[in-house]
Amino acid sequence: MSLTKEQVLLEYAKCMKSTSYALKTYLQTYDNTVSKYVPLELFPDQQTLIEDYENFNENIALKYRQAGVSTVTAAWASKRLAFASKNKPEKILIIANKLDTAVEMANKVRGFTEQWPQWTGIGFSAEKNSQRHFKLNNGCEVKAVATSKDALRGYTPTILIFDEAAYIEADSDFWAACMASLSTGGKVIVISTPNGFDPIYYEIYDQALRNMNEFKVSEMVWFKDPRYAKDLSLVKVNDIIHFYLNRDEYPQFESVDYSTVPFKERNFEDIKVLISQGYKPTSSWYESMVKKLKYDRRKVNQELECKFLGSGDNVFDAEMLQNYRENMMKEPTNKMMGGSIWIWKEPVIGHKYIMGVDVSRGDSEDFSCILIIDFDEREQVFEYVGKIPPDTLAEVCYKWGNMYSAFIVIDITGGMGVTTARKLQELGYRDLYVDGVDHFNKWKYDPKVNEKIPGINFNSKRVQIIASFEEALRHGFKIYSSRLLNEMGTFIYVNGRPDHQKGHHDDLIMSVSMCTYVCESSFTSISKVTQHTKAMLESWQVSTNTQRRSDYFNPVIGEGKQVQNQATKNDYMNYNWLFGGRK
């Protein structure tokens, strides 16, 4: 239907005034449920998202799978293109981890752009018209690129769109370069489902919540989507997946039914209150999606629940981390060295302590870390995080090792720890773990023991060492450090290997894992370590050293073989010099 000039001017004014009106009036999208194109209807959360795009220059959308955010964002972008003036054209850059993902978004923008009525005068330029980069007759451009250092070369966008930003494998330098390329007054839109605590999407979201940046957060939840919440109800259970799989175990449960309440009359603030009280939202769509995801909690958190914790390939269980965050974290009772040293408990006479040391150069991105655990109480008591040279780190280890009479384990993988280990030997520190020594036979003399470099090599034991820490946590080991917990939240499986995410660290994890690994290396379970080591040490305790206790603690000494003539406590006192003690 052709419009008069007056009608065109009226429609133009309506579209300029209300983007939601323009999209709903002139655009269509394909609906798989009816296998045809239907008018682009916006439900309340999508309308709010469009308004945020219009009113704020920096936006981040937290979405569930099939939320329609990419579609709505592409529709909004097409409107910006169609109604831009030749004097101020829009240049849109779409960035994704994979080129196919970016091109898919660009094709959505193209498809919507083709739908605008003739009176807008919009058309495609023959000068540049490919799937990856096309230009319009009003000077506007759309370019799709994958993440790379050259992605921004020669292109100054007015609108930056990051699609599936949580999966972009880049660091903060790439993000900084993207933001620097944005023209003055330009807009940036970041959309994704969560993927753990990634260095771009999560950090932007987290900083936005803490008012550390200018991003407007748009959080979308599935139970506010009229397509998926027609038969919405809330059930009071601890685990919705367990509920789906074991309904026979729930003969009676509390529930609130919203299926009879019209969507526009639902009070979502009341629903949020119920969720905070332990109710879980459910619907036939939600249950079918959980089934399609094979009841995988990680995928459910990622695709449906919009949860960062538990949505990535985390090494440590998400619920366990949440429990530690809510119930275990403690402020240190003492801080030293400008906050580098955190102390929760002073040394207790009679307790055994193990120190794990992860060494860096002192000038790199990684930190050197020292972590001390109380072997008897199964808890963390001390922590150091800083950037100092390896030989200086040895002096810190020497001081606090003597303070706690700690058995020291040093990571010598890569060679940085060798300097620390040798320096500790030079300072006269004796209680050092030596990899490859027969700890099961303490009485067997090894003439080469002093030639070996004290420490542990991670190359062949990384998985076992990390697993020892994870197992210790499941058996009640207590950690108090928020710095350590933050590292655990970004510690994931990379190609099947436990490692930190890009832009994050794992130095404290390595330090505490060395401690737990050494504790377990000679015993089949944590309980046996405690029982046997305590019994052995208590039968040998003799203290004549005023500087350091002479009840030499080596947590990797095994039970040993039975011998005919058992040594007595008097024998030990008489021959104390053989064990490095003083008479």
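Placed above this text is the structure.
If you're wondering where the values come from, they're calculated on a predicted model, not measured in any experiment.

Undergrad: Just checking my understanding: could you explain the packing of helix α12 (residues 318-327) against helix α16 (residues 482-489) for this structure?
TA: Working note: a packed helix pair is described by the angle between its axes plus the distance between those axes. The contact between α12 and α16 brings their axes to 11 Å, and the two run at 160 degrees. Here α12 lies roughly antiparallel to α16, going by the angle between them. Both α12 and α16 take part in a crossing whose hand is left-handed. When α12 is examined against α16, the residues Leu321, Tyr324 and Arg325 are found in contact with a partner set consisting of Leu485, Asn486, Met488 and Gly489. Taken together, the residues that form the contact of α12 with α16 break down as 4 nonpolar, 2 polar and 1 charged.

Undergrad: So what exactly am I meant to see when it comes to the sheet that holds strand β16 (residues 353-358) here?
TA: Working definition: the strands of a sheet are paired by backbone hydrogen bonds and lie parallel or antiparallel to each other. What the 6 strands build is an open sheet, ordered β14-β15-β18-β17-β16-β19; its pairing is mixed. At either end of the open sheet lies a strand with only one pairing partner, and these are β14 (334-336) and β19 (406-410). Neighbouring strand axes in the sheet, compared pairwise and without regard to direction, differ in orientation by 15 degrees on average. Strand direction decides the pairing type here: β14 and strand β15 (residues 341-343), joined by 3 bridges, are antiparallel. Bridging across to β15, Met336 finds its partner in Ile341.

Undergrad: What exactly am I supposed to notice about the pattern of salt bridges here?
TA: Oppositely charged side chains may form a pair once their charged atoms are brought near each other. The full count for this structure, using the stated rule, is 21 salt bridges. Of the charged contacts, one joins Glu164 and Lys63 as a salt bridge, the two residues approaching to 3.7 Å between their closest N and O atoms. Here Glu164 is found in the loop between β8 (159-163) and α6 (172-181), whereas its partner Lys63 is found in the loop between β3 (58-62) and α4 (69-82), with 101 residues between them in sequence. Each of the two residues, Glu164 as well as Lys63, counts as buried.

Scoring rules and cut-offs
Residues numbered from 1 in each chain as written. Predicted model: local features only at pLDDT ≥ 70, side-chain atom pairs only at ≥ 80, totals over all residues. Heavy atoms only, no water. Axes fitted to C-alpha atoms, helices over the stretch in contact; angles between N-to-C directions. Helix = DSSP H or I, 4+ residues; strand = E, 2+ residues; numbered from the N terminus. Parallel < 35°, antiparallel > 145°, perpendicular 65-115°, else oblique. Left-handed = near helix turned anticlockwise from the far one by under 90°. Contact = heavy atoms within 4.5 Å. Nonpolar A, V, L, I, M, F, W, Y, C, P; charged D, E, K, R; others polar. Pairing = 2+ DSSP bridges. Salt bridge = Lys/Arg side-chain N within 4 Å of Asp/Glu carboxyl O. Buried < 20%, exposed > 50% of the residue type's maximum accessible area, 1.4 Å probe, protein only.

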